[in-house]
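Below are the chains, spelled out letter by letter.
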Amino acid sequence: MHPCSTAMHLLLRCLRGCGRHSRSRLPRRLRQPVSYMKLILQSLYFNSLTNSEVVFDCVIEPVFWMVEVVTRWFGMVFVFLVVALTSSVVFIAYFCLLPLILQTYTPGWIMWHICYGNWNLVMIVFHYYKATKTPPGYPPKMKNDVPFVSFCKKCVIPKPARSHHCGICKTCILKMDHHCPWLNNCVGHFNHRYFFSFCLVLTLGCMYCSISGRNLFIDAYNSIDQFRHMEVEKQGVPVTGIGLLIGIVPSESTAGKMVSQPPYTYKDRMFHKSVIYMWVLTSTVAVALGALTLWHAILITRGETSIERHINNKEAKRLAKRGRVYRNPFNYGKLNNWKVFLGVEKRSHWLTRVFLPSGHAPYGDGLTWDIYPLKKDIIPV
């Protein structure tokens, strides 16, 4: 017998004894609260299957409730942060770095930065807007003939395959992956592609800014550091080259000739700090979001969602103890999983539906998952 079970037995026995002897002694106002407390304790120990894990889940339930409430109320704050941080990087790129690129880069590199940068920006804005505004999909609440695999106790409706209840949205979601606070929306059947595409193009954009702005970041950091030291030095100190960003011409090689220190204006200081801010922000986001994007790419390759990954692992371990192998019924093969997820039906769709913004709907209605023709790989790619 578990230690928790023994403790619960003793506590209930004490309450029974106290209740029998002092039932007549208790005031009428206290009888109902005491009976209610006894009922709560009995509900925690309603059968022999209850153990310490069940009691712990009941105790920790208020924590999950608090997380759901905070996430629900702060959803718009997270969306505002995404828009504000992305807009700040775009502002720095267009008004600080683009004039410098037009003055110093060759025509070929200028075309590359303009074309790729604007394509990346359009893809980020399009997929983020679609991911936040597209409903993930909800099971029908009226009686219908759609096959279901379970019953939701909170929504009191049948649950089709791959659907799960979201405690933040307070409803069931078709092919639910997770609730994303940065979207203030659930990621489900109808907006899963938009979510993944947004993560992918934002990661590529951050990597692009981090790699292409590395030398600018080093020059800006060195310039701020050198000017900070120069402010405490006396006038008349010879100045050598400080960097291309601040536009200081190296001193002449004439021995003994002194050059005056050029003024370090507020505009120069803000330019250097903006470059440092952009590089640090994009590098951090590229690492964090890149890991998340890679994880979701692995899940898509396996034909499962984040929730299904946890469920499939538990089911595989359960069947492994019986000497059996679990197979994911929604895995159509690595390539076919990507074709189903991206909605690719012919070769031209890799351009029009993947590399360009596209609002096409995903396969199926999210209620049934009978896509057997794709297992035969009849879709040309």
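Use the structure listed above.
First, a word on what this report is: a plain description of the structure on this page. (Residues numbered from 1 in each chain as written. Predicted model: local features only at pLDDT ≥ 70, side-chain atom pairs only at ≥ 80, totals over all residues. Heavy atoms only, no water.)

Some points on the layout of surface pockets
In plain terms, the rule: Using protein atoms alone on a 1 Å grid, points that fit a 1.4 Å probe yet trap it form a cavity, whereas open point sets bounded by protein on both sides within 12 Å along at least five of seven lines form a pocket; residues with an atom within 4 Å of a point count as lining. Grid points are joined across faces, edges and corners, and a volume is the space filled by probe spheres set on the points. Secondary structure counts use DSSP, requiring at least four H or I residues in a row for a helix and at least two E residues in a row for a strand, with both numbered from the N terminus. Classification convention: Asp, Glu, Lys, Arg as charged; Ala, Val, Leu, Ile, Met, Phe, Trp, Tyr, Cys, Pro as nonpolar; all other residues, Gly among them, as polar.
Here the largest pocket is characterised by a volume of approximately 1000 Å³. Along the walls of the largest pocket sit 43 residues, with Val89, Ile124, Leu202, Gly205 and Cys206 positioned nearest its centre. At the level of secondary structure, the elements contributing two or more residues to the lining of the largest pocket comprise helix 4 (75-104), helix 5 (107-133), strand 5 (178-180), helix 6 (192-212) and helix 8 (266-302). For the lining of the largest pocket, the residue count by class is 32 nonpolar, 11 polar and no charged.

A word on the packing of aromatic side chains
Our working rule: Each aromatic pair joins two rings of Phe, Tyr and Trp (for Trp, the six-membered one) with centres within 6.5 Å, and gets the label stacked for planes under 30 degrees apart, edge-to-face for over 60, and tilted for any other angle. A simple rule labels every residue: compare its accessible area, found with a 1.4 Å probe on the protein chains alone, to the largest value its type can have, and call it buried under 20%, exposed over 50%, or partly exposed in between.
Summed over all chains, the structure comprises 13 aromatic pairs. Here the aromatic rings of Phe217 and Trp279 are separated by 4.2 Å at their centres, their planes lie at 15°, and the arrangement is stacked. Taken together, the residues Phe217 in helix 7 (residues 214-230) and Trp279 in helix 8 connect sequence positions 62 residues apart. Using a relative accessible area of 21% as the deciding quantity, one classes Trp279 as partly exposed. Both rings, one in Phe330 and one in Trp369, keep their centres 6.4 Å apart while their planes meet at 70°; by these two values the pair is edge-to-face. With Phe330 in the loop between helix 9 (306-321) and helix 10 (334-342) and Trp369 in the segment after helix 11 (349-355), this residue pair connects regions lying 39 residues apart in the sequence. Aromatic rings pair up to connect Trp112, Tyr116, Trp119 and Tyr208 into one cluster.

Description of empty space enclosed by the protein
Overall, the coordinates contain two cavities of 30 Å³ or more when judged by the stated rule. When its volume is computed, the largest cavity comes out at roughly 240 Å³. Residue lining of the largest cavity: 19 residues in total, with Arg162, Lys175, Asn337, Val340 and Phe341 positioned closest to the centre. Going through the elements one at a time, helix 6, helix 8 and helix 10 are the ones with two or more residues in the lining of the largest cavity.

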